[in-house]
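This is what each chain is made of:
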Amino acid sequence: EYMGITSLASPLCPMALSRAFRLAMCQTLGGADKAKNIASATEAIRQAGRDGADLVILPECFNSPYGSSFFPTYAEPVPGPTTDELAAAARDARVWLIGGSIPERCASTAKLFNTATVFNRSGELVATHRKLHLFDIDIPGKITFRESETLSAGDKVTIAQTEFGPIGLGICYDMRFPEMAAIAADAGAVMMVYPGAFNMTTGPLHWELLLRARAIDNQFFVAGVSPARDVSAGYVSWAHSTVVSPWGKVLADAGEGAATVLVDIDLAEVSAVRSAIPIRTQRREDVYLRPRSLDESRQPQEPREPRSADAHSTAAH
C-alpha cells in the first residue's frame, strides 16, 4: 500500500500470466429476496464455469435492491455469508470471480460501504474495493440520489493481481473519475472492471461513453457489469453490461434482461495498441500542472521534472 493505492497479490503469485482468457458478464436480476439473489448469482457463476469462463463478473449490489434505505438492512461483514457463497461458487467453477459489490458493514466501525470482492480459482478472497466516490446527484425533474445518507466512502485505489495480469477495480460512479483508471494503468493494469448500476437518465447518455473513454484513455480493456433492468423497482437500472477493447470498440452488450455474456479476451491487444499509439511515453507531465488558485495559474511556473511511468508503477506496488 502506498499513497492511497492498494495492490493485492493472490496467494498463487508468482504465476504465469494467461494472455488470452474467456470473460463472463453475469447480468443478474435482483429483488427483495436476498437469498434468492445470492442463489441466482452463484448459479450464474457455476454455469459460466461450465461454459468455459476464466473470469466471471457480477453486478453492483447484486444481493440487494439498490437504494439508501436498503443498504443498512442488507449490509453484512466481508468476509461474511454472501462472500462465503461466492467463494464456494468460484472454487466449484474453478474461475476467478469479481463478485460485483454488496453493502458491507465494517465489523470494527459499523460503517457501511459499497464493496467489491475478488476471488481466485481456489475460492480465496484476494482483494476488496470500497467505492471511493459516493453517488450523490440531483438532476432536477429526473433523479435525486444520495448514497452518503447511509454509506461511507473508501479511501484507496485497488489493483488486484490475477493470473491475467493486474486488474483495476472501481464501482459505478467511480467510472466518472478518470484518475482512478489512470493510476491503475500506471501500475500495470491490463483491464479496469466496474460493477455498476447506471439509471435510466444517465445510462442512455453516459454508460457506454464512459466505458469507452476509460478504455481509450488508458489503452486497456474495460468491463462494466450491471444488474438486469426491472421496471417495477424503485431504482431502475439501465443494464447493458458492456466490454470494451483497448481500441474503444464495444465487444459485447448484454442488453436489458437477465443474461450471461461470454467474451474472449486477448491481452496482446493491450501492448499492440500502446505500441501503435504510444501516448504513455508522449505525456507532458512537465506542463500538466494543477494550480492551487487562479492567481497562481497566472504566475510563471518553474518546469517540473516529468514523472516516469515506471517509477509510478513501482510505487504502486
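Just so you know, the residues in each chain are numbered from 1, in the order the chain's sequence is written. With the structure being a predicted model, the display of local features is reserved for residues of pLDDT at least 70 and the display and counting of side-chain atom pairs for 80 or more, all residues being used for whole-chain, interface and lining totals. The side-chain quantities take in all heavy atoms of the structure and omit both hydrogens and water.

**Considering the layout of surface pockets**
Let me state the cut-off plainly: Every definition here rests on a 1 Å grid over the protein atoms only: cavities are sets of points where a 1.4 Å probe fits but cannot get out, pockets are open sets enclosed by protein on both sides within 12 Å along at least five of seven lines, and lining residues have some atom within 4 Å of a point. Grid points are joined across faces, edges and corners, and a volume is the space filled by probe spheres set on the points. In this classification, the charged set is Asp, Glu, Lys and Arg, the nonpolar set is Ala, Val, Leu, Ile, Met, Phe, Trp, Tyr, Cys and Pro, and all remaining amino acids, among them Gly, are polar.
Its volume calculated, the second largest pocket comes out at about 400 Å³. Each residue belonging to the lining of the second largest pocket can be placed in one class, and the counts come to 15 nonpolar, 7 polar and 3 charged.

**Structural notes on the pattern of salt bridges**
The cut-off we apply is this: Salt bridge, as used here: a side-chain nitrogen of Lys or Arg that lies within 4 Å of a carboxyl oxygen of Asp or Glu. Under the scheme used here, helices are H or I runs from DSSP no shorter than 4 residues and strands are E runs no shorter than 2 residues, and both carry numbers assigned from the N terminus. Any residue under 20% of the maximum accessible area for its type is buried, any over 50% is exposed, and the rest in between are partly exposed; the area is computed with a 1.4 Å probe on protein chains only.
Overall, the coordinates contain 17 salt bridges when judged by the stated rule. We note a salt bridge from D54 to R121, for which the minimum N-O separation is 3.0 Å. Linking D54 in the loop between α1 (34–50) and β3 (55–57) with R121 in the loop between β5 (112–119) and β6 (125–130), this pair joins segments that are 67 residues apart in sequence. The exposure classification of D54 matches that of R121, with both residues buried. The salt bridge involving K131 is made with E60; its shortest N-O contact spans 3.2 Å. One end of the pair, K131, is in the loop between β6 and β7 (136–139); the other, E60, is in the loop between β3 and α2 (71–74), and 71 residues separate them in sequence. Just as K131 is buried, E60 falls in that class too. It is possible to trace a salt-bridge network through shared partners that takes in D186, R280, R283 and E285.

**Remarks on the environment of A184**
The condition is simple: In this analysis, two residues are considered to be in contact whenever any of their non-hydrogen atoms come within 4.5 Å of each other.
Within the fold, A184 resides in helix α4 (residues 178–186). Judged by relative accessible area, A184 falls into the buried class, the value being 0%. Aside from chain neighbours lying at most four places away, what touches A184 is I159, G168, A189 and M192.

**Overview of the nonpolar core**
Cut-off, in case you're wondering: For the purposes of this section, nonpolar cores are sets of buried Ala, Val, Leu, Ile, Met, Phe, Trp, Tyr and Cys residues that join through side-chain atoms within 4.5 Å.
Membership of the largest hydrophobic core comes to 28 residues, with the highest contact counts inside it found for L23, L55 and M191. When residues of this core are traced back to their parent elements, those giving at least two are β2 (20–27), β3, β4 (96–105), β6, β10 (165–169), β11 (191–195), β12 (221–225) and β15 (259–266). For L23, the contacting residues outside a window of four places in its chain are L55, I57, M191, V243, V261, L262, V263 and I265. Formed by 24 residues, the second largest nonpolar core is a distinct cluster that contains A116, V157, L210 and V244.

**Overview of the side chain of S101**
Note the cut-off: N or O atoms within 3.5 Å of each other form a polar contact, as long as, within protein, one can give a hydrogen and the other can take it, and as long as residues adjacent in sequence are counted only when both atoms are side-chain atoms.
When you line up the elements, S101 lands in strand β4. Take S101: its relative accessible area is 0%, and that puts it in the buried class. Polar contacts involving the side chain of S101 include one to the side chain of N114, which spans 2.7 Å. Not counting residues within four places of it along the chain, the set of residues in contact with S101 comprises P59, E60, C61, F62, N114, T115, A116, I171 and P195.

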